[in-house]
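Structure assessment
Residues per chain, in single letters:
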Amino acid sequence: NLRKSGYILTDDASEADVIVVNTCCFIGDAKEESINTLLELAEYKEDRCKLLVAARSLAQHYHEEIKEDIPEVDLIVGTMGYEKLTEKIEEALNNKGVVVESLEDINYLPTPLTDRDSMSGGYYAYLKIAEGCDKCCTYCVIPKVRGKYRSVPMDNLIEQAEHLVENGAKEIILVAQETTLYGKDLYGEKSLPKLLRRLSEIEELRWIRILYCYPEEITDELIDTIAELPKVCNYLDIPIQHGSDNILKKMGRWTDKKEIISIVDKLRKKIPDIALRTTLITGFPGETEEDFEELKEFVKKLRFDRLGVFTYSREEDTPAAEMEGQVHEDVKEARRDEIMEIQQEIAFEKGREHIGEDFDVMIEGSLPDEGVYIARTYMDAPDVDGYVFISSDWHLDSGDFVKVEITGAKEYDLIGDIVE
């Protein structure tokens, strides 16, 4: 919309007449980063910047606080207000000194532009297939700031994906607060397998990657579809959060440890080369040493290919914030670091298991001074997983696919030679 209205996008704040900060209030660190970014960028108003915009979830949830504490902000655009962003920017420019707001009902679902451009800057693009969440985990504020689960109509998603591929995207990454429930509200049934089949028909698309799959919603149909469709990466991101039934119950999660193990076993049996990513939380209220020991054994047993750990963030307006047994920050961090040490060893061992194997990889960039290209396998999502480093005299462009043989492994990354 901004481009169509004549605006030129820049990632250099010093060049901008209008600065838009896409805020987040999911966890404390994200909230703090959003506030600090607004304060930092407010300084540009002393020079060229005419308008500072606070957008998305922090702006939605704390709009009154922003107006009071950060007076440099001229426009507040909520979680669902981006459809009117251009219109509201024009209004704010014409109403200097008066804060303009665009705070739609959080359960409203804007119609996504089918000709939107990718902002990832690479040869991959994110496709948001739904808004909101109905799970209401006790630590999470998302349902209160993003509303109930709403799927984007499939035809709109296909048009978006076709446009992104026409403009260079080789990989489409499906995201939502929960991707596995896609279509249940619109079509009366989980429709992610159908969406995957339709996306697979896009000719120039090479990879389709699925993130944020809640374990209890992973069906046999979804597993079979991933196994059957060659364009769908044998990769699944399954946020499980913990390995102790005591903590899982406190978190309000819908699965217990036994069920998680069963789902992981089924995925590995039906798709032997599947790469599984997960996330965990340490220091949840009431997490005892026994719970933590159980989590460590769980990590060692399941040996996830990719794993990240967050320390528990005490978020206001969530049930967990009022629970007894809040864990000291130092303990949370020590437990996080211990889990990551365990996972680092697992990742290194798994990397060594790939030595001698061939993989198709996507070139991400290069280190020209070292004559090294950076690439990703199907096992690696951008920004969160590892890379393959390839020494080559050949000229390769970002977005190219080449076949490499893995010759070495580091902590989380691989080393390879071009085969073809």
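A few points on the structure. Quick caveat: nothing in here was measured; it's all calculated off a predicted structure.

1. Comments concerning the pattern of salt bridges
- Within the structure shown, the criterion is met by 37 salt bridges.
- Taking the shortest distance from any N to any O, the salt bridge between Arg335 and Glu287 comes out at 2.7 Å. In this pair, Arg335 sits in helix α13 (residues 329-353) while Glu287 sits in the loop between β11 (275-282) and α12 (289-302), placing the two residues 48 residues apart along the sequence.
- Here Glu287 falls in the buried class, since its relative accessible area comes to 5%.
- Here the residues in one salt-bridge network are Lys135, Glu178, Lys190, Glu216 and Glu217, joined through shared partners.

2. What to know about the sheet that holds strand β1 (residues 18-23)
- An order of β1-β2-β3-β4 is seen for the four strands of this open sheet, with the pairing classed as parallel. A strand with exactly one partner marks an edge of an open sheet, and here the two such strands are β1 and β4 (100-102). Across this sheet, the average inter-strand angle for adjacent strands is 15°, counted without regard to direction.
- Sheet topology note: the strand β2 (residues 51-56)/strand β3 (residues 75-77) ladder contains three bridges and is parallel. Following the sheet pairing, Ala54 is matched in β3 by Ile76.
- Packed onto the sheet, helix α1 (residues 28-42) meets β1 and β2 and runs at close to 170° relative to β1.

3. With respect to the packing of helix α11 (residues 257-270) against α12
- With their axes 12 Å apart at the nearest point, α11 and α12 run at an angle of 10° to one another. Relative to α12, α11 is oriented roughly parallel. Here α11 and α12 pass one another in a crossing that is right-handed. On the side of α11, the interface is formed by Lys257, Ile260, Ile261, Val264 and Arg268, while α12 contributes Glu294, Phe298, Lys301 and Leu302.
- Looking at the contact of α11 with α12, its residues break down into five nonpolar, no polar and four charged.

4. Side note on unusual backbone geometry
- Located in the positive-phi region is Cys136, a residue other than glycine, with phi close to 55°.
- Summarising the element assignment, Cys136 is placed in the loop between β6 (130-131) and α5 (142-146).
- In this structure, Asp383 takes a positive phi of about 75° despite not being glycine.

5. As for the packing of aromatic side chains
- Scanning all chains against the criterion turns up five aromatic pairs.
- When the centroid spacing of 5.3 Å and the interplanar angle of 75° are considered together, the rings of Phe284 and Tyr312 count as edge-to-face. Of this pair, Phe284 sits in the loop between β11 and α12 while Tyr312 sits in the loop between β12 (306-311) and α13; the two residues are 28 residues apart in sequence, bridging distant segments of the chain. In this structure, Phe284 and Tyr312 share a single accessibility class: buried.
- For Arg206, the ring lying beneath its charged end belongs to Phe401, and the centroid distance is 4.0 Å.
- The side chain of Arg209 reaches across the aromatic face of Tyr235, ending 4.6 Å from its centre.

6. A short note on the sheet that holds strand β10 (residues 232-237)
- Pairing is parallel across the open sheet formed by six strands, whose spatial order is β5-β8-β9-β10-β11-β12. Each edge of the open sheet carries a strand with a single partner, namely β5 (124-128) and β12. On average, each strand axis in the sheet is inclined to that of its neighbour by 20°, with strand direction left out of account.
- Relative to strand β9 (residues 207-210), strand β8 (residues 171-175) runs parallel, the two being bridged by four bridges. When the bridges of β9 are listed, Ile173 appears paired with Arg209.

7. A word on the state of the cysteines
- A complete count under the given rule lists zero disulfides for this structure.
- Note on Cys136: no disulfide assigned, nearest cysteine sulfur contributed by Cys133 at a separation of 6.9 Å.
- In this structure Cys233 is not part of a disulfide, and its nearest cysteine sulfur, from Cys213, lies 12 Å away.

8. Examining helix α6 (residues 154-166)
- Over its 13 residues, α6 runs 18 Å from end to end, which matches the ideal 18 Å to within 8%, given 1.5 Å per residue.
- Those residues of α6 lying buried are Met154, Asn156, Leu157, Ile158, Gln160, Ala161, His163, Leu164 and Val165.
- Next to the buried residues of α6 lie β5, β8, α7 (184-187) and α8 (192-200).
- Gly168 lies just past α6 and shows a positive phi near 115°.

Conventions and cut-offs
- Counting restarts for each chain, with residues numbered from 1 along the sequence as it is written.
- Totals for whole chains, interfaces and linings use all residues, but because this is a predicted model, local features are given only for residues with pLDDT of at least 70 and pairs of side-chain atoms are given and counted only at 80 or more.
- Water and hydrogen atoms were dropped before computing side-chain values, which therefore reflect all heavy atoms in the structure.
- For salt bridges, the criterion is a side-chain nitrogen of Lys or Arg within 4 Å of an Asp or Glu carboxyl oxygen.
- Here a strand is any run of E in DSSP of at least two residues, a helix any run of H or I of at least four, and the numbering for each starts at the N terminus.
- Relative accessibility thresholds used throughout: buried, under 20% of the residue-type maximum; exposed, over 50%; partly exposed, between the two (1.4 Å probe, protein chains only).
- Strand pairing follows a simple DSSP-based rule, namely that at least 2 bridges must link the two strands.
- Axes here refer to lines fitted to C-alpha atoms; in helices the fit is confined to the stretch in contact. Angles between the N-to-C directions go from 0 to 180 degrees.
- Whether two residues are in contact is decided by their heavy atoms: any pair within 4.5 Å suffices.
- Working definition: roughly parallel below 35 degrees, roughly antiparallel above 145 degrees, roughly perpendicular at 65 to 115 degrees, and oblique for all remaining angles.
- The handedness criterion is simple: a crossing whose near helix is rotated anticlockwise from the far helix by less than a right angle is left-handed, and one whose near helix is rotated clockwise is right-handed.
- Just so you know the grouping, Ala, Val, Leu, Ile, Met, Phe, Trp, Tyr, Cys and Pro go in nonpolar, Asp, Glu, Lys and Arg go in charged, and all remaining residues, Gly too, go in polar.
- For Phe, Tyr and Trp, rings pair up if their centres lie within 6.5 Å, where Trp contributes its six-membered ring, and each pair is then called stacked (planes under 30 degrees apart), edge-to-face (over 60) or tilted (otherwise).
- Consider the ring centre and the ring normal. A charge sits over the ring if Lys NZ or Arg CZ is within 6 Å of that centre and within 35 degrees of that normal.
- Note on disulfides: each one is a pair of cysteine sulfur atoms within 2.5 Å.
- In this scheme, a helix's expected span is set at 1.5 Å multiplied by one less than its residue total.

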